[in-house]
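Results of the structural survey
Each chain is listed here by its residues.
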Amino acid sequence: MPAKYAIGIDLGTTNSVLAFASLDSEIPQVELLPIPQLVAPQTVERRDSLPSFLYVARRGEVESHEFDLPWAENCEFAVGEVARSQSSENPDRTVGTAKSWLCHSRVDRHQPILPWKAPDNVPQVSPVTASQRYLEHLVASWTQAFPDEPIAQQQVVLTVPASFDASARELTREAALAAGLPDSLVLLEEPQAATYAWLSSSGDDWRKSLAAGDRLLVCDVGGGTTDLTLVAAGEEDGELQLRRQAVGNHLLVGGDNMDLALAYHVSELFREKGTDLDPWQSVSLWHSCRAAKETLLAADGPETQTISVAGRGSRLIGGSVSVEVNREDVARLLVDGFFTKCDVSEQPSRQRVSGFQEIGLPYEADTAITRHLASFLQRQTDEESADSSAPTHLLFNGGVFKSDRLQQALLDRLADWYGDAAPQILAGDHDLDYAVGRGAAFYAWTSQRGGIRIRGGTPRSYYVGIETAGLAIPGAPRPMSALCVVPHGMEEGTEADVPSEEIGLVVGESARFRIFSSSSRADDVPGDKLKRWSADELVETDSMEATLNADVDAGDEYVPVRFQSRITELGIFELSCVHTASGESWKLEFSVRDDAEV
Amino acid sequence: MGRLSLAWRVLTNGELAQQLADLVSAAAPVITEQPVAAKPEPAPVVRNDAVTLLASLQREARLVDFLMEPIDEYSDAQIGAAVRDIHRDSRTVLDRLFAISPVVDQSEGSAVEISDGVAGGRLRMIGETESGRTSGTLAHHGWQAGRCELPTWNGSTQAVGVIAPAEIDAG
């Protein structure tokens, strides 16, 4: 049965969205699916987004059906708004940032490790399972709304951060298929999805906004992550085309950090007045600070705003305390902390803040988004002409940029760096909260009905770690070189034979390789062998392994192989070992790193 | 509801669907009857939507806390400080659940065309209407709900009147 709907799913770090468009209409009309979810125990409401939180129910709560849904009974967990609201009072029972764990290759993402460091009586789930639960909820919401149009038969696009490497994408896909999404599922990078949302809202007029040679910087600052992408406009066969040129590294810094920083600042103001806030009040303060940030930093925001924290009991006014917060202080705090004035040649500082490490995730040591941006832009600069690499246009995405002052802060930094050549904001409509989901639905629609596509291939190059032969030194690891198997920009639906010396694999045993990726080495081609590299050039991801079944007719216990890499039409990275004599091949699968921490 | 809820679970739970499919395909009709013979569901408890609305306003904006608190002892500044958040959060709830907008989308004080009579309850005339007069001045633009999307509640008899449960700190 042909698909009737194009569906775009934004599986966000803090909020998930499902957008859809009928494939029957002549122009794509993208709508958001209202998502029925628990907003309090036993209370279901439809909201436009599903907070990506999971709450593990207490025993009594399961029996008294507190978290039952229209489509499920005796639920032992809850997702969505009710889970988010539990995160303040029951942090040990709440999973908050499953998506950030998906790309953290130092832990086994299939192990039940979340909530992180939960007490023994709280059952844990794996990052993959938590993601699956969010997607299952979206699928069930779809089924409720469209019982006769199973989601498995629709054209579905799911977004991932551009900075996700192949193994994080594979894990996302695994969670999606387990949740009932179709095999034909396409993964789309979020900044590209935001660009598609802009293309969708501009219609054919987009060609008036961008010209051949223009370079669009997409700056997507979400709740928990920052995702950078550069898209170039060029002319091919007389038609204007878009090509994704580069993506940034995975940065665990976003709007939540800013709200927390502001909440910390305000709680200090309370302390000066002799009020120490309890944990419940701190969360309430966090929410007030988010709202105050948007009000104070709006284009015509007030000079000061009173932030109050209500009492914990039913006495609201009697228990409430308040402080005056000054706009300039807030602007200075957030601009200096996150949109720091810096030189374009500056590198992010690597010094770890110890407090962050306890949470388990590798949060950025340097919260200055501008320094990460500078370092990203520097990597795209070719030596001869520094100017030509300045982006010409800028597209903001993410709720952070609802504050005009923060948009302006980023524009100011770009003006510092590039002067008159600084990029201008892309003309047109911008929906900072829902652009990714909407853009994904638009992309799904165009994949069936035709329309503009952003090309680009793989955003990273990939490498297999090969131990070099030679005398072993007792106690020292053998030196390793990195063999390029996938070049930057390898197109979907293509494959590459990797020229190399033959590699001997043992029959009947599992062969395991360390895998590295790079978002900065754009010139390596398959077969290139790197002897040394810097720590931020090549990033290790999950290992890959394959077991060679014993029916190889080589007769020897070693089988000489070479690598063959492939990017499928759906953008999936595949790596195989090919027996040089017979042509027989074995596909490698992602597995856990040897040095995983859990 | 037993059969329906099973159907929901089958739709959303691949494993259960597989188990059911195995049951259906593997054996005699006697076994396929089993899932249907679930215990009868008790009649759902009905709660007045007004309580559900109060619960939303209390949960998200603490409006009931505010209205139930005696305010004589507080200064205007104290009340004002607390009201800002209550106002913001109550407004969010009303916007989301009711999409409230003016009945007449014009600024107050401007001239309004009066068609036939008072337009079925959408307009209300103040003072005497002279015959033949076709316009008046907008004194209040009115309010209307664009939708009504209250949460649905599915709790027990004991909780039917609960606007906010009592909270117990276990620590």
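Throughout this description, residue numbers start from 1 for each chain and increase along the sequence as written. Whichever chain is written first is A, and whichever ligand is written first is 1; the rest continue in order. This being a predicted model, a pLDDT of at least 70 is required before a residue's local features are given, and a value of 80 or more before pairs of side-chain atoms are given or counted; all residues contribute to the totals for chains, interfaces and linings. Calculated side-chain values reflect all of the structure's heavy atoms, with hydrogen atoms and water omitted.

So, the sheet that holds strand 19 (residues 454–455) of chain A
Residues and elements named next belong to chain A. One bridge is not enough; two strands pair if DSSP finds at least two bridges between them. Where helices and strands are cited, they refer to DSSP runs of H or I of at least four residues and of E of at least two residues respectively, numbered from the N terminus. Read from one edge of the open sheet, six strands run 18-17-12-13-14-19, paired in mixed fashion. Looking at strand neighbours, the two that pair on one side only are strand 18 (424–425) and strand 19, the edges of this open sheet. Here, two residues are considered to be in contact whenever any of their heavy atoms come within 4.5 Å of each other. Convention adopted: a line fitted to C-alpha atoms gives each axis, helices being fitted over their contacting stretch, and angles between N-to-C directions are expressed from 0 to 180 degrees. The strands that helix 6 (residues 190–202) touches are strand 12 (215–221), strand 13 (226–236), strand 14 (239–247), strand 17 (393–397) and strand 19; relative to strand 12, the one it contacts most, it runs at about 115 degrees. Across the sheet, helix 13 (residues 404–418) lies against strand 12, strand 17 and strand 18, angled at about 150 degrees from strand 17, the strand it touches most.

Concerning the confidence of the model for chain B
Residues and elements named next belong to chain B. pLDDT expresses how confident the predictor is about each individual residue, on a scale running from 0 to 100. Averaged over every residue, the pLDDT of chain B is 78; the share at 70 or more is 69%. Of all helices and strands in chain B, the one with the weakest mean pLDDT is helix 3 (residues 29–33) (41), whereas strand 4 (residues 144–145) scores best (96). For residues 23–37, every residue scores under 50 in pLDDT, and the model assigns this stretch five contacts once sequence neighbours within four places are set aside. The ipTM for the predicted assembly is 0.73, set against a pTM of 0.84.

A short note on empty space enclosed by the protein
All names here are of chain A. Throughout, the protein atoms alone are placed on a 1 Å grid, and a set of points is a cavity if a 1.4 Å probe fits but cannot get out or a pocket if it is open with protein on both sides within 12 Å along at least five of seven lines; lining residues have an atom within 4 Å of a point. Grid points are joined across faces, edges and corners, and a volume is the space filled by probe spheres set on the points. Evaluated as defined, the whole model comprises one cavity of 30 Å³ or more. In this structure, the largest cavity spans a volume of roughly 40 Å³. The wall of the largest cavity is formed by Leu11, Gly12, Thr13, Ser52, Gly96, Thr97, Ala98, Lys99, Ser131 and Tyr134. Of all the secondary-structure elements, those providing two or more residues to the lining of the largest cavity are helix 3 (98–102) and helix 4 (127–145).

A word on the packing of helix 6 of chain A against helix 14 (residues 435–449) of chain A
Residues and elements named next belong to chain A. Here helix 6 crosses helix 14 at 75 degrees, and the two axes come no closer than 7 Å. Considered as vectors, helix 6 and helix 14 are oriented roughly perpendicular to each other. Facing Glu190, Ala193, Ala194, Tyr196, Ala197, Leu199 and Ser200 of helix 6, the residues of helix 14 in contact are Ala435, Val436, Gly439, Ala440, Phe442 and Tyr443. The residue makeup of the contact of helix 6 with helix 14, split by class, is 10 nonpolar, two polar and one charged. What sets the label is the angle itself: under 35 degrees gives roughly parallel, over 145 gives roughly antiparallel, 65 to 115 gives roughly perpendicular, and the rest give oblique. Residues were grouped as follows: Ala, Val, Leu, Ile, Met, Phe, Trp, Tyr, Cys and Pro as nonpolar; Asp, Glu, Lys and Arg as charged; and all remaining residues, including Gly, as polar.

A short note on the pairing of strand 28 (residues 573–579) of chain A
Residues and elements named next belong to chain A. Accessibility here uses a 1.4 Å probe with only protein chains present; expressed as a share of the type maximum, an area under 20% marks a residue as buried, one over 50% as exposed, and anything in between as partly exposed. Extensive coverage of strand 28 is indicated by the burial of seven of its seven residues. Both faces of strand 28 are covered, namely the face carrying Phe573, Leu575, Cys577 and His579 and the face carrying Glu574, Ser576 and Val578. Here strand 27 (residues 558–567) runs beside strand 28; their pairing, made up of seven bridges, is antiparallel. Following the sheet pairing, Arg566 is matched in strand 28 by Glu574.

Notes on the interface of chain B and chain A
Tallying the contact residues gives 35 residues for chain B and 33 residues for chain A. Here's the idea: put two parts together, see how much 1.4 Å probe accessible area each one loses, and the total over both is what we call buried area. Carbon and sulfur atoms make up 49% of the surface buried where chain B meets chain A, a total of about 2,700 Å² over both sides. Between B:Arg96 and A:Glu45 there is a salt bridge; the shortest N-O distance is 2.6 Å. Think of a polar contact as two N or O atoms within 3.5 Å of one another; within protein, one of them needs to be a possible hydrogen donor and the other a possible acceptor, and neighboring residues in sequence only count if both atoms come from side chains. For the pair chain B and chain A, the interface holds 10 residue pairs in polar contact (both at pLDDT 80 or more). With 10 residues, helix 6 (residues 76–98) of chain B is the largest single contributor of residues to the side of chain B that touches chain A. Across two bridges, the pairing between strand 5 (residues 43–47) of chain A and strand 5 (residues 152–153) of chain B is antiparallel. Each residue of the ladder has a partner; that of A:Val44, found in strand 5 of chain B, is B:Thr152. Take a side-chain nitrogen of Lys or Arg and a carboxyl oxygen of Asp or Glu: if they are within 4 Å of each other, that pair is a salt bridge.

Examining the state of the cysteines
Residue and element names in this part refer to chain A. Working definition: a disulfide is two cysteine sulfur atoms within 2.5 Å of each other. Using the criterion set out here, one finds zero disulfides over all chains in the structure. Unpaired in this structure, Cys219 has its nearest cysteine sulfur neighbour in Cys342, at a distance of 13 Å. With no disulfide of its own, Cys577 lies 16 Å from the sulfur of Cys484, the closest cysteine sulfur. On the accessibility criterion, Cys577 (1% relative accessible area) is buried.

Considering unusual backbone geometry
Residues and elements named next belong to chain A. Here Leu114 and Pro115 are connected by a cis peptide whose omega angle stands at -5 degrees. Its location among the elements puts Pro115 in the loop between helix 3 and helix 4. One non-glycine residue with positive phi stands out, namely Gln42, at about 60 degrees. Looking at the element boundaries, Gln42 is found in the loop between strand 4 (35–40) and strand 5. By relative accessible area, which is 12% here, Gln42 ends up buried. Of note in this structure, Lys117 is not a glycine but carries a positive phi near 55 degrees. Here Lys117 falls in the exposed class, since its relative accessible area comes to 63%.

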